[in-house]
Amino acid sequence: MEIKLAREMGFCFGVRKAIQLVEKEAQGRGLNPNITTFGQLVHNPVVVNHMAKLGVSNVDTREMAQVQDGMIAFTAHGVAPQVIEEARERGLEILDATCPLVTLIQQSAREMVDQGFKVIVYGDKNHPEVKSIVGWAGKDTIATMEFEEIKDMRPPKRLGIVSQSTQILEHFKHFVAQVNDQFLGKTKEIKVHNTICAPTTHLQSSAQELAQECEVMVVIGGKKSANTAHLRDICEAEGARTYKIEGPDELDPAWFEGVQTVGVTAGASTPDESIEAVVARLKAFDLLKQVQENKN
Ligand code: SF4
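Residues numbered from 1 in each chain as written. Predicted model: local features only at pLDDT ≥ 70, side-chain atom pairs only at ≥ 80, totals over all residues. Heavy atoms only, no water.

The local shell around the ligand consists of Cys12, Phe13, Gly14, Cys99, Leu101, Val102, Ser165, Thr166, Cys197, Pro199 and Thr200. Taking a 2 Å distance to the grid points as the criterion, the majority of the atoms of the ligand fall inside the largest cavity. Elements with a minimum of two residues in the shell around the ligand: helix 1 (13–28), helix 4 (100–114) and helix 7 (198–213). (Near = heavy atom within 4 Å. 1 Å grid on protein atoms, 1.4 Å probe; cavity = no way out; pocket = protein on both sides within 12 Å on 5 of 7 lines; lining within 4 Å. Sits in = over half its atoms within 2 Å of the grid points. Helix = DSSP H or I, 4+ residues; strand = E, 2+ residues; numbered from the N terminus.)

Below, the structure is given as structure tokens:
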């Protein structure tokens, strides 16, 4: 069985930078660093456990009141300005690990609002990144991935669209085409910023290329990781039998019976150690298969 690895996979630079920032701060603050991340630093249990070992806890994003003192770390997803204000009012120290590419999306949406655009953020309205973009753009901003939710709105004079950084480009294009169909002619100006980030685009195209060559794809990432779920969808769309797992213990040897090529990819929040552990287990399965075949 040939095990092929995606050209690009695992941590994107924004996630890597956020982890390094929090790690460095925790290590510099001694035994009890008293740092709480606002939500999970990344949606991956291995990283969350690693942070816990460094003394970094996390709090649900609806529960800032639980953080009494010390430092609050904002994740790569960013936060709304109101959240920063609340942390200041509570007297908390702030560590801002917002990915610079998310900051660009927040700024882009805000600028459009300031220029009189009604803004739509194409993304999961419950995702922290989308909430942060909406927070910067203002309460009249709409977050959705469903054209049905906006098709009956009164055509605004000017309409702006940005995307969550980790969306699938083809889906975004489809959404934009639907909006154009409905509003062009009724709305004076429609402005679209493709704000899907370059690391996401590379990750997705690498997974797509590999899925075209492989019978089975293994996609590694946290259960709550949206970008990992997108990789799974992309691999499935290419016709590869695809399994999304968090780590090697979920692999089942039966998935690989009679399989000649298996591809491995991983979401932007998946640490190298998880990828290495999965590849090692796949190699062990293969070795076992060879021993059994030789016996027969
Ligand atoms: S996926 Fe893109 S925007 Fe999000 S943290 Fe990574 S590099 Fe930044």
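Mapped onto the elements of the fold, Val218 is located in strand 10 (residues 216–220). What makes Val218 buried here is its relative accessible area of 0%. The sequence separation of Val218 and Leu251 amounts to 33 residues, and the corresponding C-alpha distance is 8.9 Å. Sequence-distant contacts of Val218, that is, excluding residues within four places in its chain, are made with Tyr243, Ile245, Leu251, Phe256, Val262, Gly263, Val264, Thr265 and Val278. (Buried < 20%, exposed > 50% of the residue type's maximum accessible area, 1.4 Å probe, protein only. Contact = heavy atoms within 4.5 Å.)

This part takes up the layout of surface pockets. Taken as a whole, the largest pocket encloses approximately 600 Å³ of empty space. Along its surface, the largest pocket is lined by 26 residues, and Thr61, Arg62, Asn126, Pro128 and Lys131 are the ones closest to its centre. At the level of elements, strand 3 (56–59), helix 3 (81–89) and helix 5 (128–137) are the ones that each hand at least two residues to the lining of the largest pocket. Counting residues per element, the lining of the largest pocket draws most heavily on helix 5, at three residues. Classifying every residue of the lining of the largest pocket by side-chain character gives eight nonpolar, eleven polar and seven charged. The two domains that each donate at least three residues to the lining of the largest pocket are domain 2 (13–98) and domain 3 (101–192). Together, Ile168, Leu169, Glu170, His171, Ile196, Thr201, Gln204, Ser205, Gln208, Ile234, Ala237 and Glu238 line the second largest pocket. The dominant element in the lining of the second largest pocket, judged by the number of residues it contributes, is helix 7, at four residues. (Points joined across faces, edges and corners; volume = space filled by probe spheres on them. Nonpolar A, V, L, I, M, F, W, Y, C, P; charged D, E, K, R; others polar. Domains from an automatic or database assignment.)

Honestly, it's all geometry; don't read function into it.
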